[in-house]
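Topology and contacts: notes
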Amino acid sequence: MSSSAPQHPRPADGHRLWSVDEHLADVLGAVRPLEPIELQLLDAQGCVLVEDVTVPVALPPFDNSSMDGYAVRTADVQGASEEFPAVLTVIGDVAAGSGQLPTVGPGEAARIMTGAPLPPGAEAVVPVEWTDGGTGGGAAAGMTPASAAPEQAGGEVRVHRAAEARAHVRARGSDVQAGDLALAAGTVLGPPQIALLAAIGRGTVRVRPRPRVVVLSTGSELVQPGEPLTAGTIYDSNSFALAAAARDAGAIAYRVGAVADDADTLRSTIEDQLIRADLLVTTGGVSVGAYDVVKEALSSVGSSGSSGSSGSSGSGDGDGDADADVDATRIDFRKLAMQPGKPQGFGTIGPDHTPLLALPGNPVSSYVSFELFVRPAIRALMGLPESEVRRPSVRAVLKADKALGSPAGRRQFLRGKYDAETGTVSPVGGSGSHLIAALAHADSLMVVPEDVTSVEPGTELEVVLLG
């Protein structure tokens, strides 16, 4: 994505159907990656690295033991066996973090712990299980703690097996060498990457931050889970689903919850949320009903109730310049040649041109729309390469009892269960946009092209993988 100013969405034509690809191109054309910032390592989890990181010091920085045992000279344990053990004088302990190291001479050994530096003179490490542990008995199962028996750092140890040079020794630089590329720009920082950064001494890293996504659902009929339902009400599932989906995409999600079907209330709520949003997502109220208030509210956000396709935008703190921001809010509502999810709204809002996607309110329509349009927008804000912006897709053979119907001229997205082993996909539930239970058991979307009205079993389809 370009770092230049975002493009405004193209004006909608209420008399045409937009294709899925056209709408997605419009969305991505208005989204630019967030500006890089320096973050502490744990705060950078899930963020995208914006610079190559090279290794300043070798890992490990010194030869060290991979076992608890004894550091020895190979000549001193050559031919050692349980019947004829090599008897060595123990000259002290080498613990992890030791600074001053004893020198191992002929006939000597140093008790050494995992991760401790190999002392001078030693050529190998024999595990404690190959010795009597200094007890004078049979094979040891482990070492007695130094605090409990400090005398065992001296005395004698019997070694029952020979060791080759460098046995159980981790060589300096065997992980990475100084000057090596540790992580390349564009890497998403997960736990292993953060571990590597910490291991090479990086306390902070320069990344693009995780996008802040605010999710609002609309509808006076919506009740929050845990509260009692009354006549005509349903539980708000969309805001939970979309907030969870935003987190899954890599964002920091803020779930505002249900807003009543009142344009002024919705307008003020959106204006209040702008201060913490890199992307706004609404669900519901984008169709043609008398109570679909999202269109009404978004036509005049920040313009004190004025109407029209553009209005001055609030900045979240009430200090916006109405003249300067008159073009800041541009939300287009359009119909897409897809099922589910025909009605969609998209634009930018406020003085920072914050992207806003208005999704339909039916649960499946809302979720499918998120996967197709919102998730790519989040990934683009993160600065991910184009290959990682969209969900991966595969080709799979339809496994079904009967043909699947699809409306002419619409790209249909049906819930499916994909079997990678057999290369097949099976439908889950019907095509209704309210069937949440079926969605919960699906792991993919079967894509039926616009020019196909019937898909026979055995037909190969594109399948978008959701997992």
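A brief structural summary. One numbering rule holds for all chains: residues counted from 1, following each sequence as written. Selection of residues for local features in this predicted model requires a pLDDT of at least 70, selection of side-chain atom pairs for listing and counting requires 80 or more, and totals for whole chains, interfaces and linings are taken over all residues. Side-chain measures here rest on the full set of heavy atoms in the structure, leaving out hydrogens and waters.

Whether two aromatic rings pair depends on their centres lying within 6.5 Å, for rings of Phe, Tyr and Trp, where Trp uses its six-membered ring; planes under 30 degrees apart make the pair stacked, over 60 edge-to-face, and the rest tilted. Summed over the entire model, instances satisfying the criterion amount to zero aromatic pairs. Each ring is checked for a lysine NZ or an arginine CZ that lies within 6 Å of its centre and within 35 degrees of its normal; such an atom marks a charge sitting over the ring. Looking at Arg16, its charged tip hangs above the ring of Trp18, at a distance of 4.2 Å from the centre. Lying over the aromatic face of Trp18, Arg334 brings its terminal NZ or CZ to 3.7 Å of the ring centre.

Any carboxyl oxygen of Asp or Glu that lies within 4 Å of a side-chain nitrogen of Lys or Arg is treated as forming a salt bridge with it. Using the criterion set out here, one finds 17 salt bridges in the structure. As a salt-bridge pair, Asp236 and Arg255 come within 3.7 Å of each other at their nearest N and O atoms. With Asp236 in the loop between β16 (234-235) and α4 (238-249) and Arg255 in strand β17 (residues 252-259), the pair connects residues that are 19 residues apart, well separated along the chain. Only protein chains enter the accessibility calculation, which uses a 1.4 Å probe; a residue whose area is less than 20% of its type maximum is buried, one above 50% is exposed, and one in between is partly exposed. Relative accessible area serves as the criterion here: at 31%, Arg255 is assigned to the partly exposed category. Residues joined in a network through salt bridges with shared partners are Asp248, Glu371, Arg375 and Arg391. A run of H or I in DSSP counts as a helix once it spans at least four residues, and a run of E counts as a strand once it spans at least two, with each numbered from the N terminus.

Now for the environment of Arg410. With respect to the helices and strands, the residue Arg410 is situated in the loop between β25 (404-405) and β26 (411-419). Here, two residues are considered to be in contact whenever any of their heavy atoms come within 4.5 Å of each other. Residues in contact with Arg410, not counting those within four places in the same chain, are Leu17, Leu336, Ala337, Met338, Gln339, Lys342, Val448, Pro449 and Glu450.

Let us now look at the side chain of Asn64. Within the element layout of this structure, Asn64 appears in strand β5 (residues 64-65). Between N or O atoms, a polar contact is any pair within 3.5 Å; within protein, one atom must be a potential hydrogen donor and the other a potential acceptor, and residues adjacent in sequence are included only when both atoms are from side chains. Polar side-chain contacts of Asn64 include one of 3.3 Å to the backbone oxygen of Phe62.

Here we take up the packing of helix α1 (residues 20-29) against helix α7 (residues 363-381). Following both chains from N to C, one finds α1 and α7 inclined at 30°, their axes separated by 10 Å at the closest point. As the angle between them shows, α1 and α7 are arranged roughly parallel. The crossing of α1 and α7 is right-handed. Residues Val20, His23, Leu24, Val27 and Leu28 of α1 form the contact with α7, whose own contacting residues are Leu372, Phe373, Pro376, Ala377 and Ala380. Gly is put with the polar residues, along with every residue not named as nonpolar or charged; the nonpolar set is Ala, Val, Leu, Ile, Met, Phe, Trp, Tyr, Cys and Pro, and the charged set is Asp, Glu, Lys and Arg. Split by residue class, the contact of α1 with α7 holds nine nonpolar, one polar and no charged. All axes are obtained by fitting lines to C-alpha atoms, using only the stretch in contact for helices, and the reported angles, taken between N-to-C directions, cover 0 to 180 degrees. An angle below 35 degrees is treated as roughly parallel, one above 145 as roughly antiparallel, one from 65 to 115 as roughly perpendicular, and anything else as oblique. Should the near helix be turned counterclockwise from the far one by less than a right angle, the crossing is left-handed, whereas a clockwise turn marks it as right-handed.

Our next topic: helix α5 (residues 263-273). Considered for burial, the residues of α5 that qualify are Ala263, Leu266, Arg267, Thr269, Ile270 and Gln273. Down the axis of α5, the sector holding all buried residues measures 165°, keeping them to one side. Exposed residues lying more than 90 degrees from the buried face of α5 are Asp264 and Asp272. Those residues of α5 hidden inside the fold are in contact with β14 (212-218), β17, β18 (279-283), α6 (293-298) and β22 (343-349). The reported arc concerns the directions from the helix axis to the C-beta atoms and nothing else.

To continue, consider the packing of α4 against α7. Running from N to C, α4 and α7 cross one another at 30°; their axes reach a closest spacing of 10 Å. As far as their axial angle goes, α7 and α4 are roughly parallel. Crossing of α4 over α7 shows right-handed handedness. Contacts from Asn238, Leu242, Ala245, Ala246, Asp248 and Ala249 of α4 reach α7 at Pro363, Ser366, Tyr367, Phe370, Arg375, Ile378 and Arg379. By residue class, the composition of the contact of α4 with α7 is eight nonpolar, two polar and three charged.

The next thing to look at is the sheet that holds strand β7 (residues 86-94). Read across the open sheet, the five strands follow the order β9-β6-β8-β7-β10; overall the sheet is mixed. Because the sheet does not close on itself, it has two edges, and the strands there are β9 (124-127) and β10 (156-159). Between one strand axis and the next, the sheet turns through 40° on average, direction left out of account. Only when DSSP finds a minimum of two bridges between them are two strands counted as paired. In this sheet, β9 lies alongside strand β6 (residues 69-72) in antiparallel orientation, the contact comprising four bridges. When the bridges of β9 are listed, Gly69 appears paired with Pro127.

The omega torsion of the bond from Leu59 to Pro60 falls at -10°, within 30 degrees of zero and hence cis. Relative to the assigned elements, Pro60 resides in the loop between β4 (53-54) and β5. For the bond running from Gln339 to Pro340, omega is -5°, close enough to zero to count as cis. Within the secondary structure, Pro340 is located in the loop between β21 (338-339) and β22.

Turning next to the sheet that holds strand β2 (residues 37-40). In spatial order, the strands read β2-β13-β3; together these three strands make up an open sheet with antiparallel pairing. Lying at the two open borders of the sheet, with one neighbouring strand each, are β2 and β3 (48-49). Sheet topology places β3 next to strand β13 (residues 204-208); two bridges connect them, and they run antiparallel. Its bridge partner lying in β13, Val48 is registered against Arg208.

Quick look at the pairing of β10 now. What you see with β10 is a clean split: Val157 and Val159 sit on the buried side and Glu156 and Arg158 on the side with no burial. The sheet contact formed by β7 and β10 spans four bridges and is antiparallel. What sits directly across from Ala86, in β10, is Val159.

Interpretation in functional terms is not warranted from these geometric data alone.
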